[in-house]
Amino acid sequence: NGVDQTKVNVSIITSRQLSGNEMYPTLVMNMANRAEALNRVMRRQLDYESMIHCVNGALWEVDAETWKMTFVSKQIVTILGYPIENWCNLDFWERTIGVEDRDQVLETLRQTALGKADQTVEYRAMRADRREVWLHSWIARQPHSDGDRLVGITFDITDRKQTEAELREGQLTLQKQVEEHAVQA
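Residues numbered from 1 in each chain as written. Predicted model: local features only at pLDDT ≥ 70, side-chain atom pairs only at ≥ 80, totals over all residues. Heavy atoms only, no water.

Visitor: Is there a simple way to explain the nonpolar core in this structure?
Guide: Membership of the largest hydrophobic core comes to 26 residues, with the highest contact counts inside it found for Trp-60, Leu-80, Trp-87, Trp-93 and Leu-150. Only strand E5 (58-63), strand E6 (69-72), helix H2 (75-80), helix H3 (90-96), helix H4 (99-113), strand E7 (119-126) and strand E8 (132-142) provide two or more residues apiece to this core. Ranked by residue count, the leading element in this core is H4, at 4 residues. Setting aside its immediate chain neighbours within four residues, Trp-87 contacts Met-69, Val-72, Ile-76, Leu-80, Tyr-82, Phe-92, Trp-93 and Thr-96. (Core = buried A, V, L, I, M, F, W, Y, C linked by side-chain atoms within 4.5 Å. Buried < 20%, exposed > 50% of the residue type's maximum accessible area, 1.4 Å probe, protein only. Helix = DSSP H or I, 4+ residues; strand = E, 2+ residues; numbered from the N terminus. Contact = heavy atoms within 4.5 Å.)

Quick look at the structure:
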């Protein structure tokens, strides 16, 4: 027979053109390459999502003009215990920041939004179970096609802060013992 009977995924677009003679201009597009490209993009997207969600910290993005949270990774739930849906509004995040640190954190965000260099800030926050945790956030301003974004990553540093406090206590105890020993001598 000699006819190639390979099946090809195509898209056909036809329109009727009235110009005295009835004509039907038709466009036939081979969709095989498009489908393959779309599959590659989707696989890449899943790879990025997998990579984001395996980081031991919460990645986030805030619109620098509206202060709306545009993205937060699932790790925020592990770190602070609140459902992911709560994080769509920056006001919610503000309320989790410890009162004694809130002004410093918000000023760091404002300075970054104004174009200052990348910033880091350490602060206390309240978990959903009412436990206080220490967080470390790195924040940067990133140009975006529809307005600048603040992007960041937040880590739980509570264990480190507790270790630092224990070391300070140990140093004070040791210093007190040395002073007492010197007085007795």
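Visitor: Even after reading the chapter, I still don't get the pairing of E5, so can you show me in this structure?
Guide: It is a general feature of regular strands that their side chains alternate between the two faces of the sheet. Of all 6 residues making up E5, 5 are buried, and the element is well covered by its neighbours. Two elements, E5 and strand E9 (residues 149-156), share 6 bridges in a ladder whose sense is antiparallel. The partner of Trp-60 across the bridge, within E9, is Gly-152. Here E5 pairs with E6 via 3 bridges, running antiparallel. (Pairing = 2+ DSSP bridges.)

Visitor: Explain a nonpolar patch on the surface to me, please; I cannot follow it from the model alone.
Guide: Judged by side-chain polarity, Val-8, Val-10, Ile-12 and Val-28 come together as a nonpolar surface patch covering roughly 350 Å² of accessible area. Locating Val-8 in the fold gives a position in the segment before strand E1 (10-14). (Patch = residues over 30% accessible without salt bridge, like charges linked within 9 Å, V, L, I, M, F, W, Y side chains within 5 Å. Areas by Shrake-Rupley, 256 points an atom, 1.4 Å probe, with all protein chains shown as cover. Salt bridge = Lys/Arg side-chain N within 4 Å of Asp/Glu carboxyl O.)

Visitor: Is there a simple way to explain the environment of Thr-173 in this structure?
Guide: Checked against the element boundaries, Thr-173 lands in helix H5 (residues 158-184). Note: C-alpha distance between Thr-173 and His-136 (37 residues apart in sequence) is 28 Å.

Visitor: Where do I start with the sheet that holds E9 in this structure?
Guide: As a general point, the strands of a sheet are linked pairwise by backbone hydrogen bonds and lie either parallel or antiparallel. Read from one edge to the other, the open sheet built from 5 strands follows the order E6-E5-E9-E8-E7, with strand pairing classed as antiparallel. The sheet is open, and its two edges are formed by E6 and E7, each paired on a single side. On average, each strand axis in the sheet is tilted by 25 degrees relative to the strand beside it, whichever way the strands run. One ladder, built from 8 bridges, connects E7 with E8; its direction is antiparallel. Among the inter-strand pairings, Ala-125 is bridged to a residue of E8, identified as Val-133. Packing of H5 onto the sheet brings it into contact with E7, E8 and E9, and relative to E8 it is tilted by some 120 degrees. (Axes fitted to C-alpha atoms, helices over the stretch in contact; angles between N-to-C directions.)

Visitor: Sorry if this is basic, but what is going on with the packing of aromatic side chains here?
Guide: Each aromatic ring pair is described using two quantities: the centre-to-centre distance and the angle formed by the ring planes. The tally for this structure, following the rule as stated, stands at 5 aromatic pairs. Ring geometry for Trp-60 and Trp-93: centres 5.9 Å apart, planes at 40 degrees, overall tilted. Linking Trp-60 in strand E5 with Trp-93 in helix H3, this pair joins segments that are 33 residues apart in sequence. The exposure classification of Trp-60 matches that of Trp-93, with both residues buried. On the basis of an interplanar angle of 85 degrees and a centroid distance of 4.9 Å, the ring pair of Trp-87 and Phe-92 is categorised as edge-to-face. Joined through ring pairs, the aromatic side chains of Trp-60, Trp-93 and Tyr-123 make up one cluster. (Phe/Tyr/Trp six-rings, centres within 6.5 Å; stacked < 30°, edge-to-face > 60°.)

Visitor: Looking at this structure, I do not really get unusual backbone geometry. What am I missing?
Guide: Leave glycine aside and you will find that most residues have negative phi; peptide bonds, for their part, are mostly trans. The phi angle at Trp-67 is positive, at roughly 60 degrees, despite the residue not being glycine. Residue placement: Trp-67 occurs in the loop between E5 and E6. With relative accessibility at 26%, the residue Trp-67 sits in the partly exposed group. Notably, Arg-130 is not glycine yet its phi reads approximately 75 degrees, a positive angle. On the secondary structure map, Arg-130 appears in the loop between E7 and E8.

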